[in-house]
Amino acid sequence: MTKTMMLQSRIEALLFVVGDDGLTIKQLALLLSEAEELVAQTMDSLRTAYDEDLTRGITIKEIAGVYQLTTKHELADTIQRLVENPTAQSLSQASLEVLAIVAYKQPITRVAVEDLRGVKCERPLQTLASRGLVKEVGRSEGTGRAILYGTTKEFLNYFGLNSIEEMPPLPEEEQGDTEQETDLFMTKFQETFSGAK
């Protein structure tokens, strides 16, 4: 394997692991201990390879200098079918917890959700996004401009709500107790929506 191929492989692995957060050329160069110019050239060749290979379903997208792996836009119909006809499998406990936090605290970043839950939330967020229950609603101010998540119209349909304002209010909780706050979210959320699909 050539050095270029190895570097492409390492870039691909890093972009896959970070998911929607993506990485800048500067961040990649730092993680790979390579010159930014070399990383930028390798990124361009990797993106071209994805775009020209019609057998691949993914490509690399750049948004405001941040690179991320994404599905090709030509496959939107296929992805839409997945969103409109999710599998019969119910949401996991982790996904329900993340959904409850997003619903009550939106707009919210992944890091803020993780602070509340005390564990990583990337996979549950991806599951919820693939089912159309949460979506990117903006970017936070400040360093890194993290993605802000919120609920979707599909979320309202799923739980039989006309608007987010119809969600039951949370009882007052003591500040500073993350575990208690998360339990409170889950208890109220599951009580209210136990009859949902």
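Structure: above.
Residues numbered from 1 in each chain as written. Predicted model: local features only at pLDDT ≥ 70, side-chain atom pairs only at ≥ 80, totals over all residues. Heavy atoms only, no water.

1. Observations regarding the overall build of the protein
Okay, step 1: The secondary structure content of the protein amounts to nine helices and five strands.
Okay, step 2: Along the protein, from the amino end to the carboxyl end, the secondary structure elements read α-α-α-β-β-α-α-β-α-α-β-β-α-α.
Okay, step 3: Within the protein, the proportion of its 197 residues that are buried is 36%.
Okay, step 4: A separation threshold of at least 6 residues defines the contact pool for the protein, and within that pool the share at least 24 residues apart is 51%.
Okay, step 5: Accessible surface, the protein: about 12,000 Å² in total, of which carbon and sulfur atoms supply 52%. (Helix = DSSP H or I, 4+ residues; strand = E, 2+ residues; numbered from the N terminus. Buried < 20%, exposed > 50% of the residue type's maximum accessible area, 1.4 Å probe, protein only. Contact = heavy atoms within 4.5 Å. Areas by Shrake-Rupley, 256 points an atom, 1.4 Å probe, with all protein chains shown as cover.)

2. Description of the nonpolar core
Okay, step 1: Counting 22 residues, the largest nonpolar core has Val98, Leu99, Val102, Val113, Leu128 and Phe155 as its most contacted members.
Okay, step 2: At six residues, the largest contribution of residues to this core is made by helix α5 (residues 93-105).
Okay, step 3: Counting residues in hydrophobic clusters, the runner-up holds 16 residues, among them Leu7, Val18, Met43 and Tyr50. (Core = buried A, V, L, I, M, F, W, Y, C linked by side-chain atoms within 4.5 Å.)

3. Quick look at the sheet that holds strand β5 (residues 147-151)
Okay, step 1: A sheet is described by the order of its strands in space; here three strands give the open sequence β3-β5-β4, paired in antiparallel fashion. Edge positions in the sheet fall to β3 (108-109) and β4 (134-139), since each has one partner strand and no second.
Okay, step 2: Sheet topology note: the β3/β5 ladder contains two bridges and is antiparallel. Residue pairing for β5: Thr109 is matched across the bridge by Leu148.
Okay, step 3: Relative to β5, α5 is tilted by about 95°, and along the sheet it contacts β3, β4 and β5. (Pairing = 2+ DSSP bridges. Axes fitted to C-alpha atoms, helices over the stretch in contact; angles between N-to-C directions.)

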